[in-house]
Each structure stands twice: as structure tokens, then as C-alpha cells.
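One-letter residues, chain by chain:
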Amino acid sequence: MITCLAIFGASGDLTARYLMPALAALHEAGRLPQGFRILGLAREPMDREEFRRRLVEKMRTAAPQVKPDSRDAIVSVTDYRQVNVTDRHELAARLEAITEPIVAYLALPAKLFAPTIEALAARRLPPGSKIVLEKPFGEDLASAQALNKLLHASFPEQDVFRLDHFLGNKTVQNILGLRFANRLFEPVWNFQHVERVDIVWDETLTAAGRAAFYDVTGALKDMIQNHLLQVLAVVAMEPFHYLNERSFRDRKVDVFRAVHRMTPEEVKRYTVRGRYRGGTINGKQVAAYVDEPGVDGRRHTETFAQVTLGIENWRWSGVPFVIRTGKGLGRDRQQIVIRFRPVPHLAFGQQSQPHPNTLTIGLTTDDISLSLNVNAPGDLFELDQVCMDSQFGAGALPAYSRLLLDILNGDLTLSIRDDEAEECWRIVEPILDAWADEGVPLQDYPAGSEGPSGT
């Protein structure tokens, strides 16, 4: 197990909000190796003690769930060095004393990935080192291909970790057990029995506070291109012969390659984009997105995106996969809904129309619900619906902790492979192009509503 984590861009929000709390959880669980240490690297001029003080202050606010003892323990093994991480000479000098394998975690804006990778390549990290990149992996297919080419010139693919923290979510992982360890579901997990699949990430949260970032990204790139396509792949993949890194990632890529690439006309028919205007959410008045600081209304950035995808293979032929995400909506709803086809013949008379059978998996509530039709109380000829509900077991580790532990162990199973990253861009690129050409109107929807019309 690697014992040194070097965080490039360590003064940023990602370090204090996610990485350090995740490491504190690993420390508390006794999962970090003996002698583990953290090296923070960033441009800001400060010494080790000031960096540690800043980490403690930020973690108190951003991660209050972390126990003080665990927080202090992980901060105590943290060092700091001021450096321009894109300058190969400065970086080489700062890393000169390191001879053991390290994890180089690029907690940086995506625009700094390429120059930092080039600087690291010139330094030539010790054999066995790993490099980690958070999403977004490129801005389109061409930039993703260029970034992969740059990485391959300096690092073996087995040393590259492209992270999507949704894959560390225990509920997403539980889909695998639900599907492949139960004879009940897998025989009906196909076009013959499934009518439609919805993957939803609706939020009451607005873009306030991070609108400047969001305005150059938008809902399609921020959520669908990466996170929700990963959920789709886990829902739609074929069974694997054995759960390991290669088979799991192969099956995901198979799904992405089978997703139909839309024509401009299909984008108009099967996608919706919107932007919230002023309204009321949970009794609180909310400003319009275009009035948030840092927003340029001329960009026409969407805060809501819905796409209906088709998977062109034997299992899913003709089944619509509806993926939607939005901010400033009337309720929080993060779930997968498998809607099954109606029975071929109903013997209870015309007055009794059954509800569809649905399997609902909560992505943030960690629950599962199966709706079934039964006879109504006291009436043989009427139907009623009941729901069987259950909670998933608590995960042993938070999502980021699980992913960091995999990186330290060199386990690539939950990392995005090079071809996988490119395939995700292949799916969304025609949608982005059509939206950029205003082929799909940007609909306004009131904050606190269900979203744009037609969804």
C-alpha cells in the first residue's frame, strides 16, 4: 500500500471538504498504512503550521461530522510546500527528496491538468506511483482524447485513476448485488418486462454560491455526462463472470458503446433544457439564476437537463432511459425507477386499472421500494397497491474514503478507464452541439416547480 498522498492544489475547497474528511474516516477505521503522510502542494505562500490551521478551520465548517481526534490525527501528518505545480523545475525541486511511490492527486481546475501532467512527467515519479484526476475529464471528446494521449505518454494506464465519486456510493454498488445475487430480478431485467427506466437527480438546491463555476459547465456536463451515465451503466450492464476490475469496466464500456448517438433532429425530440427563474422554495424566496453573482445570461447555461437515451442491444432494445437533473426544483428526488410493463391480460374488469409495478432505488436515502398490486381490502374485484420497503445497510466507509483506499491499494475497479471516459463524451457531444446551436429552446421554469414543461 502506498504511504504518501501528494495533493496538488491542496489549498482548494476539495481538500478540506472531501479529501481530508475521507482520510480522517480511514484513520478512524484503522485502514491507513503505518507511516502514512500527506503532502500539500499549492501556490499560496504559507508554512506547514498555517496550512494545518487552515485545514482545521475549514473542516470544522465543511465537515462537522468528523470527530476532532480523527481530524487532528490526519492533520498532524500533513506537510505543505509552496510551488507552481505547472512549473516542471519548481515541482522537481519540491519533490526531489521523494524516492518512494506516491499518489499524485490533482485537486485542480481541469484547465491545469495538462500542464501539471507534463510537469510530473518531466520529474518522473518513482515507479509504482499513481496519478488521480477528478471529473470533468476533458470538455468534449477531442479534449478527452488529447488528455488520454498525454497521460499515456507518461504513465501506464494501470497507474491512472479517473475518479467519479458516485461509484463510491454504497447504493450504486448495491445495485450489483440486487441484480446479480437474486434470481428474482435478473430474469425480468430486460425489454420484455421493463417499460422504462428513470434516473433522477432533482435538487431544491440552487446554484447560489458556486454560480461562477456552474455557469461555464451547466447541468448536462456537471451531472449527466459523468455521474448519471455511470449509474446508467450499472443499471444496464450485462452480468460479469466474476467481479473484478477488468470485467466490471468492460461491461460498463459495452453499455456506453451501445447507447445510440443522437442526430440533431433526435436531440430536438428527446432532450429538454431549462433555467430557473425567480420563485419560492420551501417558503423562501429564490432569485433567478441569471441574477446570481458570476452568471452571464448570454451563455444560456442550463440548470435543468433531461435526455432520453436508447441502448441498442438485445437486452434493452426499445426501452427509454430517461435521465434528468435540475437545480432550484420543488423537491429533492434522487432515485432510480424501474417501471415494469403491465400484465398482458387483466381479469378484474374494466373498472379496476392496476398501477404499474415499479422498483425504486433511493440514491441518497439508501432505500429500496417495490410496488405490487393486490386485491383491495374486502373486494375480490378491485385492486389496490402496496409497497415493500427496505433500507440498505450502512456503508462501512463514506464514498470518498472507499475510493481513496482503492487508490492506495492500486485497485482500479471503481476508476474510469480511458475508453470509458471517451465513450461518455461520444454520447453527450451531439446534444451539446445541438444545444449550442439553439436547436433546443432554453425554457424558463419557476424556482420551486417541477421543472420545464414537457418533462
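In what follows, the accompanying structure is described. (Residues numbered from 1 in each chain as written. Predicted model: local features only at pLDDT ≥ 70, side-chain atom pairs only at ≥ 80, totals over all residues. Heavy atoms only, no water.)

**Thoughts on the sheet that holds strand β15 (residues 367–376)**
Right, so step 1: Overall, mixed pairing links the nine strands, which are arranged β16-β15-β14-β13-β7-β12-β11-β8-β17 in an open sheet. With partners counted over all chains shown, the strands left at the sheet margins are β16 (379–391) and β17 (442–446), one partner each. For this sheet the average axis-to-axis angle between neighbouring strands, irrespective of direction, equals 20 degrees.
Right, so step 2: Bridge count between strand β13 (residues 333–340) and strand β14 (residues 358–362): five bridges; the pairing is antiparallel. Bridge pairing links isoleucine 336 to isoleucine 361 in β14.
Right, so step 3: Together, β13, β14 and β15 form the strand contacts of helix α7 (residues 170–180), whose direction differs from that of β14 by roughly 145 degrees. (Pairing = 2+ DSSP bridges. Helix = DSSP H or I, 4+ residues; strand = E, 2+ residues; numbered from the N terminus. Axes fitted to C-alpha atoms, helices over the stretch in contact; angles between N-to-C directions. Contact = heavy atoms within 4.5 Å.)

**Describing the pattern of salt bridges**
Right, so step 1: Taken as a whole, this structure holds 35 salt bridges when the rule is applied.
Right, so step 2: Its salt-bridge partner being glutamate 195, residue arginine 339 comes within 2.9 Å of it at the nearest N-O pair. Taken together, the positions of arginine 339 in strand β13 and glutamate 195 in strand β7 (residues 194–202) put the pair 144 residues apart, joining distant regions of the chain.
Right, so step 3: Relative accessible area serves as the criterion here: at 27%, glutamate 195 is assigned to the partly exposed category.
Right, so step 4: Aspartate 202 serves as the salt-bridge partner of arginine 333, at 3.7 Å between the closest nitrogen and oxygen. Residue arginine 333 is found in strand β13, and its partner aspartate 202 is found in strand β7; the two are separated by 131 residues along the sequence. Side by side, arginine 333 and aspartate 202 carry an identical accessibility label, which is buried.
Right, so step 5: One network of salt bridges, in which partners are shared, links Arg246, Asp250, Arg257, Arg417 and Asp419. (Salt bridge = Lys/Arg side-chain N within 4 Å of Asp/Glu carboxyl O. Buried < 20%, exposed > 50% of the residue type's maximum accessible area, 1.4 Å probe, protein only.)

**Focus: empty space enclosed by the protein**
Right, so step 1: Overall, the coordinates contain two cavities of 30 Å³ or more when judged by the stated rule.
Right, so step 2: A volume near 140 Å³ is recorded for the largest cavity.
Right, so step 3: The wall of the largest cavity is formed by 14 residues, among which Lys135, Phe137, Asn226, Ile416 and Ala421 lie closest to the centre.
Right, so step 4: For the lining of the largest cavity, the secondary structure elements donating two or more residues are β5 (130–134), β6 (160–163), α9 (218–236) and α13 (418–436).
Right, so step 5: Looking at the lining of the largest cavity residue by residue, the class counts come to seven nonpolar, three polar and four charged.
Right, so step 6: Along the walls of the second largest cavity sit Ala10, Ser11, Gly12, Thr15, Ala16, Met46, Phe51, Arg54, Leu55 and Lys58, which together make up its complete lining.
Right, so step 7: Contributing elements (two or more residues each) for the lining of the second largest cavity: α1 (13–28) and α2 (48–62).
Right, so step 8: Tallying contributions element by element places α2 first for the lining of the second largest cavity, with four residues.
Right, so step 9: Looking at the lining of the second largest cavity, its residues break down into five nonpolar, three polar and two charged. (1 Å grid on protein atoms, 1.4 Å probe; cavity = no way out; pocket = protein on both sides within 12 Å on 5 of 7 lines; lining within 4 Å. Points joined across faces, edges and corners; volume = space filled by probe spheres on them. Nonpolar A, V, L, I, M, F, W, Y, C, P; charged D, E, K, R; others polar.)

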